[in-house]
Amino acid sequence: MIYNTLKDISAQLGINEKKVSDLLTSKVIPNISTGSVRKYYYTSSYLLDYAYKIIEYNKQTKYESTKEAFLEKDLDASIYNIPTKCQVITVTNQKGGVGKTTSSANIAATLSFLGKRVLLVDMDSQAQSSRYFKKVSFAGISILNLFENYRKNNSISKEDVKTYIHSYNLEECNIDVLPSELKLAKMLELMRMNSMPHLILDQIIEKIKDDYDFIIIDTPPYSGLSLEMSIFASDKILLATEAEEFSIEGLEVTIEEINDFIRATGKKLDIDGIIVNSFVKTRTAHDEAYDRILNMLIDLDLEDNNLITNKESTIVSKSQSVQLPIIEYKLEPKQALMMCEEYFKYCTHLIMKDL
């Protein structure tokens, strides 16, 4: 349920509206705010529940009611600054057009919205996630330069990596991006000449891992060194698809290749989830394909928290048209929050899993 009045949130939590206003303003309760002179706040039952769990964890207390938790003294946004080991997650599918970039960018934005430090790494020479938040070219100032430096010196420094990281400070979230460019594909062909080239991205990421809680890697719609590097650098894989036959076939091929790579390298990582984009339940073909995806989820020994199902929505294209993640689309904040519910489900699961 979406709440957009102090009265509704107050009734839900059992605390007065002044206290609710303070909790929203301080971001103890995650929310989207709109308006300049008069502020309007939008939150959801899912975000209220997440805030409650974080307060419990932070205060090391089991409360008898949400009211008791939200009336705790000295609550501020710092309750979300929980030290965690950085998780690196690759989003992939060898089938193109399934929403990998949309998924990568919006998961990165959602994690930041929830108080996490996030880096988005673009390993696709089409550089779509690099330009997701701003339509600019990163030619000559991208991850390609890091690979060039590595080829020359056979090593890389933290300062080198930080030089090519670009920051986007939005209203509700802050995202760092290590961008790509068109010439990356050619550079990756040359990287094959290096000894054990699949290790190189992992070595780059290791330099700056301590600066982030999550690193999300967006990959191209094909196999090759880009995918091999991304897999080896990752702790988890998130598979992106649409509920249609060719996308699911792409998933099957991708899973097979991941398993082959794991066997060949001895890399330990998990396929952590499946994200289904543009799903329309009333379409028979989508419903049948979705059943196949659910069976795939079971085969991978995954639970419901590891499945993100995004219904077809104009919010996606509307937010993209103004170079914003969905959580930042203020023209339709209620719809944006509703669309982000599945991202919240997955991202809060990621955050809380190891606490």
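Residues numbered from 1 in each chain as written. Predicted model: local features only at pLDDT ≥ 70, side-chain atom pairs only at ≥ 80, totals over all residues. Heavy atoms only, no water.

**Student:** Explain the sheet that holds strand 11 (residues 307-311) here, please?
**Tutor:** Backbone hydrogen bonds hold the strands of a sheet together, and the pairing may be parallel or antiparallel. As summarised here, the arrangement of the 8 strands in space is 6-7-5-8-4-9-10-11, forming an open sheet in which the pairing is mixed. At either end of the open sheet lies a strand with only one pairing partner, and these are strand 6 (166-169) and strand 11. Here the strands of the sheet are splayed against their neighbours by 20° on average, with no regard to which way each runs. Direction of pairing for strand 6 relative to strand 7 (residues 174-178): antiparallel, over a ladder of 4 bridges. Across the sheet, residue asparagine 169 finds its bridge partner in strand 7, namely asparagine 174. Contacts between helix 9 (residues 200-208) and the sheet are confined to strand 4 (87-92), strand 5 (118-122) and strand 8 (214-218), with strand 8 contributing the most and set at about 150° to the helix. (Pairing = 2+ DSSP bridges. Helix = DSSP H or I, 4+ residues; strand = E, 2+ residues; numbered from the N terminus. Axes fitted to C-alpha atoms, helices over the stretch in contact; angles between N-to-C directions. Contact = heavy atoms within 4.5 Å.)

**Student:** What should I look at first to understand the side chain of glutamate 172 in this one?
**Tutor:** Mapping glutamate 172 onto the fold places it in the loop between strand 6 and strand 7. Looking at glutamate 172, the relative accessible area reads 10%, which means it is buried. Residue contacts for glutamate 172: discarding those within four places in its chain leaves Lys27, Asn31, Ile32, Ser33, Phe113, Ile327, Glu328 and Lys330. (Buried < 20%, exposed > 50% of the residue type's maximum accessible area, 1.4 Å probe, protein only.)

**Student:** Would you explain the environment of threonine 309 in this entry?
**Tutor:** Inspection of the secondary structure puts threonine 309 in strand 11. Distance from threonine 309 to serine 21, taken between C-alpha atoms, is 32 Å for residues 288 residues apart in sequence. Once you skip the residues sitting within four places of it in the chain, threonine 309 turns out to touch Val276, Phe279, Tyr290 and Glu342. For threonine 309, the side chain forms a polar contact with the side chain of tyrosine 290, separated by 2.7 Å. (Polar contact = N/O pair within 3.5 Å; in protein donor to acceptor, adjacent residues only side chain to side chain.)

**Student:** What am I meant to see in the sheet that holds strand 1 (residues 2-3) here?
**Tutor:** Strand order across the open sheet formed by 3 strands is 1-3-2, with antiparallel pairing between neighbours. Of all strands in the sheet, those bounded by a partner on one side alone are strand 1 and strand 2 (32-34). Direction of pairing for strand 1 relative to strand 3 (residues 40-44): antiparallel, over a ladder of 2 bridges. Residue tyrosine 3 lies in a different strand from strand 3, and its bridge partner there is threonine 43.

**Student:** Looking at this structure, I do not really get the environment of isoleucine 308. What am I missing?
**Tutor:** Within the fold, isoleucine 308 resides in strand 11. Along the sequence, isoleucine 308 and leucine 238 sit 70 residues apart, while their C-alpha atoms lie 9.9 Å from each other.

**Student:** In this structure, what is going on with the pattern of salt bridges? I would like to understand it.
**Tutor:** One side chain can pair with another of opposite charge once the charged atoms of both are near each other. Applying the stated rule across the entire model yields 16 salt bridges. The partner of aspartate 260 in a salt bridge is arginine 263, with the nearest N and O atoms 2.4 Å apart. Pair noted here: aspartate 260 and arginine 263 are both in helix 11 (residues 245-265), with a separation of 3 residues, about one helical turn. With a shortest N-O distance of 3.3 Å, arginine 283 and glutamate 312 are connected by a salt bridge. Note that arginine 283 is positioned in the loop between strand 10 (270-279) and helix 12 (284-299) and glutamate 312 in the loop between strand 11 and helix 13 (314-321), a separation of 29 residues in sequence. Residue class for arginine 283 comes out partly exposed when judged on its relative accessible area of 39%. (Salt bridge = Lys/Arg side-chain N within 4 Å of Asp/Glu carboxyl O.)

**Student:** Before we go on, may I ask you to explain the pairing of strand 7 in this structure?
**Tutor:** Side-chain positions along a regular strand alternate between the two faces of the sheet. The buried fraction of strand 7 amounts to 4 of the 5 residues, a majority that puts the element mostly inside the structure. As paired strands, strand 5 and strand 7 are joined by 3 bridges and run parallel to one another. Looking at the pairing, leucine 119 lines up with aspartate 176 of strand 7. From the end of strand 6 to the start of strand 7, which pair antiparallel, there are 4 residues.

**Student:** What exactly am I supposed to notice about unusual backbone geometry here?
**Tutor:** Glycine aside, the phi torsion of most residues is negative, and most peptide linkages are trans. Its identity as a non-glycine residue notwithstanding, lysine 27 has a phi of 70°, on the positive side. Assignment of secondary structure puts lysine 27 in the loop between helix 2 (17-25) and strand 2. Within the chain, alanine 127 stands out as a residue other than glycine whose phi angle is a positive 55°.

**Student:** When you look at the packing of aromatic side chains in this model, what are you seeing that I'm missing?
**Tutor:** Within a pair of aromatic rings, the relevant descriptors are the distance that separates the centres and the angle that separates the planes. Within the structure shown, the criterion is met by 6 aromatic pairs. Plain terms: the ring middles of phenylalanine 133 and tyrosine 168 are 5.4 Å apart, the flat faces sit at 45° to each other, and that makes the pair tilted. You can see phenylalanine 133 sitting in the loop between strand 5 and helix 6 (143-153) and its partner tyrosine 168 sitting in strand 6, a full 35 residues away along the chain. You'll find phenylalanine 133 and tyrosine 168 in the same group, each marked buried. These aromatic residues form a ring-pair network of at least three members: Tyr132, Phe133 and Tyr168. In this structure, lysine 267 packs its charged tip against the face of phenylalanine 232, placed 5.3 Å from the ring centre. (Phe/Tyr/Trp six-rings, centres within 6.5 Å; stacked < 30°, edge-to-face > 60°. Lys NZ or Arg CZ within 6 Å of the ring centre and 35° of its normal.)

**Student:** Can you help me understand helix 11 in this one?
**Tutor:** Each turn of an α-helix holds 3.6 residues, which means side chains three or four residues apart point in the same direction. For helix 11, built from 21 residues, the straight-helix expectation of 30 Å at 1.5 Å per residue is met to within 8% by its first-to-last C-alpha distance of 30 Å. Every buried residue belonging to helix 11 is among Ser247, Ile248, Gly250, Leu251, Thr254, Ile255, Ile258 and Phe261, and all of these are buried. Along the long axis of helix 11, the arc covered by the buried residues comes to 145°, so they all point the same way. Facing away from the buried side of helix 11 by more than 90 degrees, the exposed set consists of Phe246, Glu256, Arg263 and Ala264. In this structure, the buried side of helix 11 is in contact with strand 4, helix 10 (225-233), strand 9 (236-242), strand 10 and helix 12. At the N-terminal end of helix 11, a side-chain oxygen is found 3.1 Å from the backbone nitrogen of phenylalanine 246, two or three residues along, and the residue is glutamate 244. Positive backbone phi, at 75°, marks glycine 266, one or two positions downstream of helix 11. (Expected span 1.5 Å × (residues − 1). Arc of directions from axis to C-beta.)

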